[in-house]
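Chain by chain, the residues:
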Amino acid sequence: MTADIESLVLEHLRAIRATQTDHGERLTSIELNLATLGQQVGALTTAVYSGKSDLDGLRRRVERIERRLELTEG
């Protein structure tokens, strides 16, 4: 009977080890996805600031044109 208990314990330990291995692989996958998302957020942030800079330049040009054509009140 002791051998049966030891066998049962070993079976459970093997199942736990397999589950831990699976969890480790899933965690690695999650970490890679998170790193990719971080890179994408960085790229989007750069794009947003670049677009804002372009819009600021256009706004300054329109304001200058309005002033030269005397279309503004001020």
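For the structure, check the block above.
First things first, this report covers the structure right here in the doc. (Residues numbered from 1 in each chain as written. Predicted model: local features only at pLDDT ≥ 70, side-chain atom pairs only at ≥ 80, totals over all residues. Heavy atoms only, no water.)

Observations regarding the overall build of the protein chain
When you go through the protein chain residue by residue, the secondary structure sums to one helix and zero strands. The globule rule puts the C-alpha radius of gyration for 74 residues at 11 Å, and the 31 Å found for the protein chain is more than 25% above it. With the principal axes as the frame, the protein chain shows a C-alpha extent of 100 × 15 × 10 Å. Expressed as a percentage of the 74 residues in the protein chain, the buried residues total 3%. (Helix = DSSP H or I, 4+ residues; strand = E, 2+ residues; numbered from the N terminus. Rg over C-alpha atoms; globule rule 2.2 N^0.38 Å. Buried < 20%, exposed > 50% of the residue type's maximum accessible area, 1.4 Å probe, protein only.)

What about helix H1 (residues 2-68)?
Over its 67 residues, H1 runs 98 Å from end to end, which matches the ideal 99 Å to within 8%, given 1.5 Å per residue. Downstream of H1 by one or two residues, Glu 70 has phi in the positive range, about 55 degrees. (Expected span 1.5 Å × (residues − 1).)

Notes on a positive patch on the surface
Together, Arg 61, Arg 64, Arg 67 and Arg 68 give the surface a local cluster of positive charge. Looking at the secondary structure, you find Arg 67 in helix H1. (Patch = residues over 30% accessible without salt bridge, like charges linked within 9 Å, V, L, I, M, F, W, Y side chains within 5 Å. Areas by Shrake-Rupley, 256 points an atom, 1.4 Å probe, with all protein chains shown as cover. Salt bridge = Lys/Arg side-chain N within 4 Å of Asp/Glu carboxyl O. Lys, Arg positive; Asp, Glu negative; His and termini not counted. Charge placed at Lys NZ, Arg CZ, Asp CG, Glu CD.)

A closer look at the environment of Leu 8
Mapping Leu 8 onto the fold places it in helix H1. Assessed through its relative accessible area of 44%, Leu 8 is described here as partly exposed. Residues Leu 8 and Thr 21 lie 13 residues apart in sequence; the distance between their C-alpha atoms is 20 Å.

Quick notes on the pattern of salt bridges
The full count for this structure, using the stated rule, is three salt bridges. Put simply, Lys 52 and Asp 56 hold a salt bridge, and the shortest N to O gap is 3.2 Å. One end of the pair, Lys 52, and the other, Asp 56, are both in helix H1, four residues apart, so they sit about a helical turn from each other. For Lys 52, a relative accessible area of 47% translates into the label partly exposed. For Asp 56, a relative accessible area of 18% corresponds to the buried category. A salt bridge links Glu 63 to Arg 59; its shortest N-O distance comes to 3.9 Å. With Glu 63 and Arg 59 both in helix H1 and four residues apart, the pair spans about one turn of that helix. By relative accessible area, Arg 59 is classed as partly exposed at 47%. Connected through shared salt-bridge partners, Lys 52, Asp 56, Arg 59 and Glu 63 make up one network.

Concerning unusual backbone geometry
You will see that Glu 70, though not glycine, has its phi angle at about 55 degrees, which is positive. Residue placement: Glu 70 occurs in the segment after H1. Using a relative accessible area of 69% as the deciding quantity, one classes Glu 70 as exposed.

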